[in-house]
Each structure stands twice: as structure tokens, then as C-alpha cells.
Amino acid sequence: MTAQIIDGSAISKTIIEELKQEVARLKEDHGVVPCLVTILVGNDSASQVYVRSKIKMCNYLGILSKQIDLPEETSEEELLKVIKQLNVDPSIHGILVQVPLPKHIKENKVLFAIDPDKDVDGFHPTNVGRMVIGEPVFLPCTPHGVQVLLQRSNIETKGAHVVVVGRSNIVGKPVANIMVQKALGANATVTICHSATKDIASITRQADILIVAMGKPKYITADMVKDGVVVIDVGVNQIGISPAGKRILCGDVDFENVKEKASYITPVPGGVGPMTIAMLMDNTVRSAKIKYNLD
Ligand code: GUN
């Protein structure tokens, strides 16, 4: 069997076009324009690329964006002050603090200071709690992107054994929580594997749907999966630089070999990555709609 490739770029483009119409409708019918603020502290080059692409997408959709760039030496106190001001500014619907933050700033202290009603990343404990009890407002963007990829590829999750490899707060734990919910696009039996799991391969081989987010290039090999598995690769690993100076990326899955056994597989790049930004835009539009009580 050779897997069908799940084209995350194409699926995210469809979602973006749907959102563009939604943003136009909100403006025309209600005079509402969603507004996202991004905060970038320091000079991390990957973070600069990510923030730039988020702003570019806002511009494309007609979402207002404000970019706050702060120097590396910004203190935690100064950053918290900026967030406090944004929390009370009624013209702002979404606040995103790009992580990682410089080492002298406590990431959780900053993320937890964002008003949960403007937390379009879905990282605030209030939103994490809402997700866990099945009353979500803002789902975290990458895990939600994984769910939407599966749904839009018509992959049945109800009753499926979903094995998640990785337990980060940004991907592993939330994606497991989303997939276990008694809800459409979920309702799975979920197992989480991590660095202390014994004999990971014996568990990954049981997966009907394998979601990998561990940050180890090509870790999942063909002998670790069963025939017909659906593989969602969330890993983004830089393994070199091309002669043209571009980053060469690979996922956590040995794509070339695993695709010969899988029924569906996401590529890296072009799989989960483009979904994250689409889900961020979706959360920003959702936030504005909630604020003005619009459907
Ligand atoms: N850094 C890497 N991914 C993300 C993300 O989804 N949100 C934020 N705020 N920072 C990130």
C-alpha cells in the first residue's frame, strides 16, 4: 500500500478562503473587523519568520494586526504591563505572545496574564480547562489543526485507537484531550507515549491513527507502524540548509518508508504546519464574533 498524502497546504487554503468570506461578511453586515496583536520579544530568527507569516495572513484576510516587537532585554514586568494594557483595549480581540521567550522571562507567568477571552493560542489554563471538560472556546491551534485535517480528509476517528507520541503542553497533551472528547471528529481511544514509555514500538504498532510530536527527526520508522495506519506528523526538524540558503526540514516520521505502509500520511513541510496558522486566524475571527454576540 502507498499512502494517500494529506495535503495540509491545500486544506488550509480552503479554510483561509472560507474565513476571508467570513471576515468580509462581518465587516459588511456588522462593521466588525477582528484585530490580532502579536508580541515578539528578542531576535529568534525562526520566531521572526513565524510572526511575519501570521501578520501576512491577517493582511490577506482583512484582519487588523498590530505587531509589538520588544528587545531581548525586556523585563518580565515590562512585558506584563504591555499585556495588561492590551487586555483592557476593547478594539483588540486576540493577543499572541510568540514563544519561546528569553530565558529571564517566565513563560507561564506571561501566557497566564493574557485575558482568556483574547487567548487565541488557547494556552491559558481557563481555555485548557474548557477544552478538557468539553466546553471549548479557543482550542490550541496545532492540535485543533490536526483534528481538522483528519475531519476534512474524511478519516473516521470514532472508536479508532489514536496513539500520540509526545506530551508537550502545546501539542501532545492537548491533541490527546481533543481526540478523547465525546464529540464529532473525536471519540477515539487514546494512548499517550513519551520519553519514559517502555517499548514504544509495541504501542505505536497498535495505532489506527498515529500522531507524532516529539521533535526527533525521522524517529518513527516503518517497522513501528501497522499496515493501513493514518500518520499525522507534527514534527518540524531542521536538518540542514540548501545551497540557496533555505532551511531543509523533515518531520518526526521516516516519511519515505512509512508511506509505503500507511493509508494516509502528512508530509513535512506542507502537512500540519499550514493548519496552525489557519486555526489561529479562525480563533481570532471567533473571538471578535463572541465579543459582539454574532454567529
Ligand atoms: N511558537 C511556536 N508555535 C507557537 C504557537 O502556536 N503560538 C505561539 N504563541 N508561539 C509559538
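Residues numbered from 1 in each chain as written. Predicted model: local features only at pLDDT ≥ 70, side-chain atom pairs only at ≥ 80, totals over all residues. Heavy atoms only, no water.

On to the packing of aromatic side chains. Evaluated as defined, the whole model comprises 0 aromatic pairs. Cation over ring: Lys20 sits above Tyr60, and NZ or CZ is 3.9 Å from the ring centre. (Phe/Tyr/Trp six-rings, centres within 6.5 Å; stacked < 30°, edge-to-face > 60°. Lys NZ or Arg CZ within 6 Å of the ring centre and 35° of its normal.)

Let us look at the site of the ligand. Every residue near the ligand is listed here: Leu96, Val97, Gln98, Val99, Asp121 and Phe123. Measuring from a nitrogen atom of the ligand, one finds a backbone N or O atom of Val97 at 2.8 Å. At a separation of 3.1 Å, a nitrogen atom of the ligand approaches a polar side-chain atom of Gln98. Isolated, the ligand exposes 280 Å² of accessible area, and the fraction of that covered by the protein chains is 81%. (Near = heavy atom within 4 Å. Polar contact = N/O pair within 3.5 Å; in protein donor to acceptor, adjacent residues only side chain to side chain. Areas by Shrake-Rupley, 256 points an atom, 1.4 Å probe, with all protein chains shown as cover.)

Attention shifts here to the sheet that holds strand 7 (residues 209–212). Taking strand neighbours across the sheet as the criterion, the 6 strands line up as 1-11-8-7-5-6 in an open arrangement whose pairing is parallel. The open sheet terminates on both sides in strands that have one partner only, identified here as strand 1 (4–5) and strand 6 (189–193). Of the strand pairs in this sheet, strand 1 and strand 11 (residues 264–265) are connected by 2 bridges, and their pairing is parallel. Its bridge partner being in strand 11, Gln4 is matched across the sheet by Tyr264. (Pairing = 2+ DSSP bridges. Helix = DSSP H or I, 4+ residues; strand = E, 2+ residues; numbered from the N terminus.)

Attention now goes to the side chain of Thr157. Relative to the helices and strands, Thr157 resides in the loop between helix 6 (141–152) and strand 5 (161–165). Among the polar contacts listed, one links the side chain of Thr157 to the backbone oxygen of Ala186, at a separation of 2.8 Å. Setting aside its immediate chain neighbours within four residues, Thr157 contacts Leu150, Met179, Gly185, Ala186, Asn187, Ala188 and Ile209. (Contact = heavy atoms within 4.5 Å.)

A word on the pattern of salt bridges. The full count for this structure, using the stated rule, is 8 salt bridges. The shortest N-O distance in the salt bridge between Lys109 and Glu76 comes to 3.3 Å. Here Lys109, found in helix 4 (residues 107–111), pairs with Glu76, found in helix 3 (residues 76–87); they are 33 residues apart in sequence, far enough to count as distant. You can call Lys109 partly exposed: its relative accessible area is 46%. Judged by relative accessible area, which is 13%, Glu76 ranks as buried. Note that Lys226 is salt-bridged to Asp208, the shortest N-O span being 2.7 Å. Residue Lys226 is found in the loop between strand 7 and strand 8 (230–233), and its partner Asp208 is found in the loop between helix 8 (200–204) and strand 7; the two are separated by 18 residues along the sequence. A relative accessible area of 32% places Lys226 in the partly exposed class. Shared partners join several salt bridges into a network, and the residues in it are Glu22, Arg25 and Lys289. (Salt bridge = Lys/Arg side-chain N within 4 Å of Asp/Glu carboxyl O. Buried < 20%, exposed > 50% of the residue type's maximum accessible area, 1.4 Å probe, protein only.)

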